[in-house]
Every structure is written in C-alpha cells, then in structure tokens.
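One letter stands for each residue in the lines below.
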Amino acid sequence: MPTDLLAGLNPKQREAVETVDGPVLIVAGPGSGKTRVITHRIAYLVRVCGVTPYRIAAVTFTNKAAREMNLRLAPLLGQAVRDLTAGTFHSFCAMVLRRDGDSVGLDRNFAIYDDPDQIDLLKRSMTEVNVDPKHFHPRAVQSAISGAKSQLLGVEGFKDRRDSYFDEVVFRVYERYEALMTRVGTVDFDDLLMKTYLLFENFPDVADKYRNRYVHFMIDEFQDTNVAQYAIARQLSRESRNLCVVGDPDQSIYSWRNADIRNILSFQTDYPEAKVIALEENYRSTQTILNAARSVIAANTQRVEKDLWTKNGPGVPITVFEGYDEKEEAQFVIKEIANLTKDANGSVDGLYALGDIAVMYRVNAQSRALEDECLRYGVPYQVVGGLKFYLRQEVKDLTAYLRLAANPHDDVSLNRVINRPTRGIGQRTLDELMRLARDAGTSMYTAIEGLATSGDGAGIESVALAPRAIRALTDFKSLIDGLASESERLSLIELMELAVERTGYRRHLLEDDERGEERIENIQEYVNSAGDFADLEGRDALNAFLEKVSLVSDVDELEEKAELVTLITLHQAKGLEYPVVFMVGMEEKLLPHSRSMEDPSEMEEERRLCYVGLTRAKERIYLLRAFRRGLWGRSEPTLPSRFLNDIPKDLIISPVRGNSRSAASPAVRLGPARTRFANGERAPTPPVDSNSLRTGDKVRHASFGEGIVMSSSRSGADTELTVAFKEGHGVKRLLRSFAPLEKVD
DNA sequence: CGAGAATAGTTTTTT
DNA sequence: ACTATTCTCG
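Only a predicted model underlies this, so the values are computations on that prediction, with no experimental measurement involved. (Residues numbered from 1 in each chain as written. Chains lettered and ligands numbered in written order. Predicted model: local features only at pLDDT ≥ 70, side-chain atom pairs only at ≥ 80, totals over all residues. Heavy atoms only, no water.)

Participant: Explain the sheet that holds strand β17 (residues 652-653) residue by residue, including any values.
Facilitator: Read from one edge of the open sheet, seven strands run β11-β12-β10-β13-β14-β9-β17, paired in parallel fashion. Among the strands making up the open sheet, the edge pair consists of β11 (381-383) and β17. (Pairing = 2+ DSSP bridges. Helix = DSSP H or I, 4+ residues; strand = E, 2+ residues; numbered from the N terminus.)

Participant: Lay out the nonpolar core in plain terms, naming residues and giving numbers.
Facilitator: The biggest cluster of nonpolar side chains holds 51 residues, and the ones touching the most others in it are Phe-476, Met-496 and Phe-545. When neighbours within four sequence positions are excluded, Met-496 is seen to be in contact with Leu-398, Leu-402, Tyr-526, Val-527, Ala-530 and Phe-545. Counting 39 residues, the second-largest nonpolar core is a separate cluster that includes Val-96, Leu-106, Phe-200 and Val-245. (Core = buried A, V, L, I, M, F, W, Y, C linked by side-chain atoms within 4.5 Å. Buried < 20%, exposed > 50% of the residue type's maximum accessible area, 1.4 Å probe, protein only. Contact = heavy atoms within 4.5 Å.)

Participant: Describe the pairing of strand β14 (residues 617-626), and please don't skip the residues or the numbers.
Facilitator: Counted residue by residue, β14 has eight buried out of 10 residues, so it is predominantly covered. Pairing of strand β9 (residues 318-323) with β14, which is carried by five bridges, proceeds in the parallel orientation. Bridge pairing in β14 links Gly-323 to Ala-626. The pairing of strand β13 (residues 578-583) with β14 spans five bridges and is parallel. Across the sheet, the residue bridging to Met-583 is Leu-623, located in β14. Crossover connection from β13 via helix α27 (residues 600-614) to parallel β14: handedness right-handed. (Right-handed = clockwise from strand over helix to strand, strands pointing away.)

Participant: Can you tell me about the pairing of strand β20 (residues 698-701), naming the residues and giving the values?
Facilitator: The side chains of a regular strand alternate between the sheet's two faces. Burial along β20 is one-sided: Val-699 and His-701 are buried, and none of Lys-698 and Arg-700, which face the opposite way, are. As paired strands, β20 and strand β24 (residues 741-744) are joined by four bridges and run antiparallel to one another. Of the residues in β24, the one forming a bridge with Lys-698 is Val-744.

Participant: How would you explain the packing of helix α10 (residues 189-202) against helix α12 (residues 227-236) if you had to name every residue and give the values?
Facilitator: At a minimum axis separation of 9 Å, α10 and α12 run at an interaxial angle of 30 degrees. Compared by their axis directions, α10 and α12 come out roughly parallel. The crossing of α10 and α12 is left-handed. For the pair α10 and α12, the contacting residues are Leu-193, Thr-196, Tyr-197, Phe-200 and Glu-201 in the first and Ala-228, Gln-229, Ala-231, Ile-232, Gln-235 and Leu-236 in the second. Residues belonging to the contact of α10 with α12 are distributed by class as follows: seven nonpolar, three polar and one charged. (Axes fitted to C-alpha atoms, helices over the stretch in contact; angles between N-to-C directions. Parallel < 35°, antiparallel > 145°, perpendicular 65-115°, else oblique. Left-handed = near helix turned anticlockwise from the far one by under 90°. Nonpolar A, V, L, I, M, F, W, Y, C, P; charged D, E, K, R; others polar.)

Participant: Please provide a residue-by-residue account of the confidence of the model for chain A, values included.
Facilitator: When pLDDT drops low, the exact placement of atoms in the prediction is not to be read closely. Confidence in the prediction for chain A averages 83 pLDDT; 86% of positions are at 70 or higher. Within chain A, the element-level pLDDT minimum falls on strand β19 (residues 675-676), averaging 30, and the maximum on strand β6 (residues 216-219), averaging 96. Note on residues 456-461: pLDDT is under 50 here. Beyond four places in sequence and across chains, it has three contacts. Throughout residues 658-690 the model reports pLDDT below 50, and contacts reaching past four residues in sequence, or to other chains, amount to 55 contacts. (pLDDT = per-residue confidence, 0-100.)

Participant: Any details on helix α11 (residues 204-213)? Residues and values, ideally.
Facilitator: An α-helix turns once every 3.6 residues. As a result, residues three or four positions apart point the same way. All buried positions along α11 are accounted for by Val-206, Ala-207, Tyr-210, Arg-211 and Arg-213. Buried residues of α11 fall within an arc of 165 degrees about the axis and therefore sit on the same side. Facing away from the buried side of α11 by over 90 degrees, the exposed positions are Asp-205 and Asn-212. On its buried face, α11 is in contact with β3 (85-88), α5 (89-100), α10 and α12. (Arc of directions from axis to C-beta.)

Participant: Residues and numbers for the pattern of salt bridges, please.
Facilitator: Enumeration over the complete set of coordinates arrives at 49 salt bridges. Asp-220 serves as the salt-bridge partner of Lys-34, at 3.2 Å between the closest nitrogen and oxygen. Here Asp-220 lies in the loop between β6 and α12 and Lys-34 lies in helix α3 (residues 34-47), a separation of 186 residues in the sequence. Each member of the pair, Lys-34 as well as Asp-220, carries the same accessibility label: buried. (Salt bridge = Lys/Arg side-chain N within 4 Å of Asp/Glu carboxyl O.)

Participant: Before we move on, can you summarise the sheet that holds β6 with the specific residues and values?
Facilitator: Pairing is parallel in the open sheet, where six strands are placed in the order β3-β2-β6-β7-β1-β8. Because the sheet does not close on itself, it has two edges, and the strands there are β3 and β8 (275-279). When the angles between neighbouring strand axes are averaged without regard to direction, this sheet yields 15 degrees. One ladder, built from four bridges, connects strand β1 (residues 24-28) with strand β7 (residues 243-247); its direction is parallel. Bridging from a neighbouring strand, Leu-25 pairs with Val-245 of β7. Here helix α4 (residues 63-77) sits on the sheet and contacts β2 (56-60) and β3; the angle it forms with β3, its principal contact strand, is near 155 degrees.

Participant: I'd love a proper account of the side chain of Glu-322, names of residues and values included.
Facilitator: On the secondary structure map, Glu-322 appears in strand β9. Within polar-contact distance, the side chain of Glu-322 engages the side chain of Arg-625 at 2.3 Å. (Polar contact = N/O pair within 3.5 Å; in protein donor to acceptor, adjacent residues only side chain to side chain.)

Participant: Can you lay out the packing of helix α22 (residues 492-502) against helix α25 (residues 538-551) for me, pointing to particular residues and giving the numbers?
Facilitator: Two numbers describe how α22 lies on α25: the axes approach to 9 Å, and their chain directions differ by 75 degrees. In terms of axis orientation, α22 runs roughly perpendicular to α25. Contact with α22, carried on its side by Leu-492, Leu-495 and Met-496, involves Ala-541, Leu-542 and Phe-545 of α25 and no other residues of that element. By residue class, the composition of the contact of α22 with α25 is six nonpolar, no polar and no charged.

Participant: Outline the environment of Glu-706, supporting the account with residue identities and numerical values.
Facilitator: Turning to its location among the elements, Glu-706 is positioned in strand β21 (residues 705-715). Judged by relative accessible area, which is 22%, Glu-706 ranks as partly exposed. The sequence separation of Glu-706 and Leu-741 amounts to 35 residues, and the corresponding C-alpha distance is 9.4 Å.

Participant: So what's going on with the environment of Trp-309? Which residues, and what values?
Facilitator: With respect to the helices, strands and loops of the structure, Trp-309 is situated in the loop between α14 (287-297) and β9. For Trp-309, a relative accessible area of 36% gives the class partly exposed. As for Trp-309 and Tyr-174, which are separated by 135 residues in sequence, their C-alpha atoms are 49 Å apart. With residues up to four places along the chain from it excluded, the contact list for Trp-309 reads Glu-280, Glu-281, Asn-282, Leu-290 and Arg-294.

Participant: Explain unusual backbone geometry to me, and be specific about the residues and the numbers.
Facilitator: Along the chain, Arg-420 connects to Pro-421 via a cis peptide bond; the corresponding omega equals 0 degrees. By the element assignment, Pro-421 lies in the loop between α18 (411-417) and α19 (427-440). In this structure, the amide linkage connecting Leu-591 to the following residue, Pro-592, adopts the cis form with an omega of 5 degrees. Structurally, Pro-592 is set in the loop between β13 and α27. Residues other than glycine seldom take positive phi values, yet Asn-130 does so here, at roughly 60 degrees. Relative to the helices and strands, Asn-130 resides in the loop between α6 (115-128) and α7 (138-150). Assessed through its relative accessible area of 68%, Asn-130 is described here as exposed. With phi around 65 degrees, Leu-152 is a residue other than glycine that occupies positive phi space. Structurally, Leu-152 can be placed in the loop between α7 and α8 (155-161). You can call Leu-152 partly exposed: its relative accessible area is 21%.

Take a look at the structure:
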C-alpha cells in the first residue's frame, strides 16, 4: 500500500521519501516534518521497495531520537522494526567493534571511558612523560587529542601535523595515553569512531561484511557529525552509494565537539550526483515565532539561504520580560506558568499542561535559580542533565567495581575504588604500584599479581612496599577475583548487590558519609535499572549493561510527563518541541556566551543556538533576562542580548511591573511582582476563588501535612499563601493553584 | 595512613 | 558559592 505512506505529505516530503536510489541530501528546516520523512522513507524502502529492515541502518544523534524513530516506525512496520539497525553513531561503532574489534587488537569486553575517566588516565600519562598538569590543563590536552581523533589523526598522523610547542606536548602525552589505553583494554568515545574507521580501512573483508549488509545508510542531524563519522558513512556506502543524510546547517551547534559543518559541502562534492531536497514548510510554530527566528538567523553570514514559511496563523505576540535578578526572572516564569495552566474557569488561559512547557537556558548553572523557585512554589519539574545520574560518585564507584569484574586491567577503575572504602592502601603504596606497573609495562592488577607470586619478603629489594601494604593489595585482588568469578553465574542485580556488600561499600556509605542515605538510594535506583537486563546471562548481562551505562545521555532519560515542567539547556533541546517555551538569560555574555565573543564563527554558532531555542516553540515564547545576574557569588549588571535587538518590535509585548514607571527602570524593586500587560491585551483575569483560603484557615498539604494559613496575598493572577506547617516542616510560601492543599474544618 | 583544614579553580554546550 | 584537590597534623 504505497499510497498511505505518501498520503498527507507535501510534494517535497514525498520526493524525499520516494528518492531511495543513490545519495540524497535533505535540508530540513525546524518543524518541517523531518522525523516523519525519515520514518516514512524507511517504511517506504521496506514496504514498497521490498528492502528488508536488516539491510537498513539509521544513525541519530541521541538514543532517544533512535527510540522515537522505532516507536513511530512500529505501526508502519510491525515486528520487522526489530531488524532495523537504529542508534547513535557511537553505539553503532561499539556494536561493530564488539563483534569484529579483535582485528584491531580490541578485547571483546573493552570498557568505554567517559570524560572523567579519560581525564584521569590523561593526568597519569602526563606525569609519566613529565608534563606538569599544573602548566598544561589536562582538559586542554584532552580536547586537542579528541580533536585529532575526530579528524582521524592517530598518534603518527598527529606527529606530522604538529606545529607548535603545545602540539609537541600534546604529541608526547597522546603517545603515552594511547599506550596506556591499549594496556588497560579500554577505548574512549573518539576511539569508537576512529577504530571503526581503521577496522574498515585495514580489513576489507570486515568492511565488506558490513557493506553487504547495510545497503541503505541514513544519518540524521548531519550538520553535527564530525569528519570521522562522515568517513565511516562513506566507507559503508562506497558500493551502494545509498547514503541519505538529513540536516540543517542553521541548527549546527556542536562545532565545539568537533562537528564539522563542512561535511555538508563535502557531501555534495563527494556525491555530485546527489539529489538535494529542501523542506521549508514549517508545521510547528506560529507565524510570529517563525518571523522572530528568521530575523535572528538572517544576521549570520556563513549561511545557505533557506526560506522557512508556514501556513499557521500569527498566534500571540512574543513576551519579553526583564527581571531584577535571576530570582525575579524565575519568579516571573513560575507565575506565568501558573497563569497558563490554571483551570479554565475564570481564566482566559488554562490551556496548557505542565508537560507542555519548557524553560531553556544556555548553561546548566542557570537551572539553580529556577529549581529553587519551583521548589518554593511547589511547581513540579524535571531537570535534564545537570548532575548526571551516571556521573554521580556512588554510581561511578559501583560501576568501577563492575568494570573490574569484567576486566581487572582497567586501571582507572582500579584506582578509583582500591581504597574506597579505605583498605589501608595510601598514596605511597599506590605510587609504588604504579611505578611497578609502568616498569613492567603491565596493568596495576598484573603488578599486584606479581607481588603475590614472588612471595612477600624473599629478596625483592626493588619492591619498596611493606608486607602490610602487599597484604592489603593482594586482599583487594582477591576481592576483585571473587566478583569476577561470581559474575559468571549471578544475575546482574545479584552481582551488583553482592558488590555493594562484599566490598564494604554500603557500610562505608552508612558510616562515613553524611549523605550516605541519599547515595544508597541512588545505588538502589542504579541497581533497579539493571532489571532491564534480566533476560541476559552472567557475563553477557554485565557487558551489555556496562555499555549502556557508558553510552546513555541525559536527554535519553528525558520523560514526556504531562505533569512536569522541563528545565533544559538549549543544546539538549535540539530536536524537541513544546507548545510553550521560556528562554531565560537573554543577556550578553550568556547568550551569546562570553567565550564566543572573540571569534566571529563562534558568535554565529551562538546565534544558531538562539535560533534552535526559538524554533522549539509551537505557540508561545517568552524571552527573559535579568538586570543583574549572580556569577561566582558576585552579582553583576548585565546587558540585553544582541539577539533581542534582532527581533522586530512589532512581534513583542512587554509586561511591566506593577507600579514601576516603565520597564526601562528595572532597578526599582517593588513588592510582589504583580504582572500587568503593557497594552492591556491579554491581561490575566483575576481568579474566581470559589474555595479561597484566608488567614487562620486550617489546611492539609499532600506532603507537608497539616498547617495554618499565616497570610495570603494576590500575586499576579494567583494567590500566594504563607502557611505554617506542623512537624518541623516549617513555614512555606505556596501558590494556590499548584499546592496540593485542602481546607480542613 | 587518614581526617580535617586550606586552597584553588570553576561555569558552555555532551556522544 | 561550591567543590575538588592538596596540605598538615595526629
């Protein structure tokens, strides 16, 4: 039934779906139905062209995008979706390397080092080649190495390219870092790509295997791929030439992570026969939002002209609000959310659920003020990212034990937990152990093994270790060996629980850590998450779990919950859409960020970031800024973002504070911010309080229990209550419309 | 060796 | 302001 797959598509979309032979470049503006085109194209390949899903690979930017693709394909393909290869570039490569990585010297059970792990090993590499980490920032070296790998420059390649003293230093560290990584049997994120590339390049039979399998290869978010990723895609589609890439240069926001926008240009030279299809009709946003976005992006010079348009109506104007500081900025957001979500009775609004709303910001640190206010007023929210679950200390500690069970030669993990809880293995002992490992060219685990077999005592003067230290080390080795052998027969959950107990980690948390309870809860949550792997056995479960843990991102965890407001960075918001969007911190040095001020091309990326934010909104957008912003404990005056100036004034409406003379005198701090709209057009209607609460009323709160209303005051269109609760919950300020409050007689 | 104090560095975005 | 690392003493 080809017709139903094409029904409801506009001519361009239809063309994109039907063009299945040869290379295709789809330039897809925001909200242009890109996901729809990708899923329908895959379904078309399967159902109309008779291609089995097994022969199709589609790589996306996040696991979430992949999951969503699967979800939307399921009704079109049924069970067959399961044969499709869909995932991130990194997970695709991890799969290839698990299967065939032995050709490039990889153990099947290699671990994937995340950022902090990588920095750890890098620091060690630096000390070993006498580069002072005080003088050269490990972070800077890491970024240089990562940049090299993203362009497929191995140690040798980098050697020929270096042209500064810094490069010289990086080269020395890079060389040692690679040696250590090989020794401990691990790879970093960039290795996943580069090693896959090398595998395909040097082992044609392996490459052919994948080339034969993947007759169709699709890449989403192509503007954010790096050179290595594009090279792999080219290797795979060398014979078939069926490479379909989808992207939007205006939404390229990851150049700092070595994404190379030039891939789009290269694509057109590498595949001169490629068909280029532009999707320019926007189905997402109102005319007003689109106009604003367009006028912001138009100021970029390095740009392929593209004209977005929509049949949607103008909708409501954009609201621009300036608060006194980030706290007032956050309060405005909260109050506006209250207006937008209030029960329809008595309000013109009341159209939205909390899940329809997102608050977006440039840097994670900005979520703090927003969270504080949400907590204070009882607004349910979820923060995407920030303190990442998998990067939490206790989670990483347990992961380290698991990794050691899978591969005891993983030095970074070993270092992490060898003395956690304390086992009498201090820095001196560790230094000596590292020296031994280095001299023998082995992992630290093997070095301990050496100590054990040569017997403690008898004539090993070269080993400057006390018998007690040797004892402690060999005990630790037995602990790891024990976990490793148990991992063969226990279920993953059992293994994790065993690890927490047998290593003494649980006791350690309970006794020595003031946040122990909280950490144990996190561990519990972590252990529970392993339940998904229950159908796999022993080692396989462990390996699969560890891989997942290394490759998940925070957006992946994002849940579309109707009852939660989403707090998210602009970067993470890429690819998402919300009926209502608040962009906070529209200030110079924040958006655009201060680090982008010097470089014009970085400034253009900031502008694209702003464009991405604006185009996430379907119906309403609020642009906020604070007159003063706290930074490093200091509060400093700010300047409005240049991007605000680029939005035509006739698209904007600015609410002013209650009795302040004008919006332009923000320093005047007045009582509770009573919001009134300047042109009076959409002034929020005061609530009709049928069940109003007054001072002295007894109330019951869902989580705080019983309390007494101390005072109530009108705040915007809502009522702010000050309630004293019993049982040590203290005095809280709550918004009537959110607080789960009941009157008690 | 370990615990607590002093101190430095941190905040751009993340697979 | 906050935290992560380094320093100092018991």
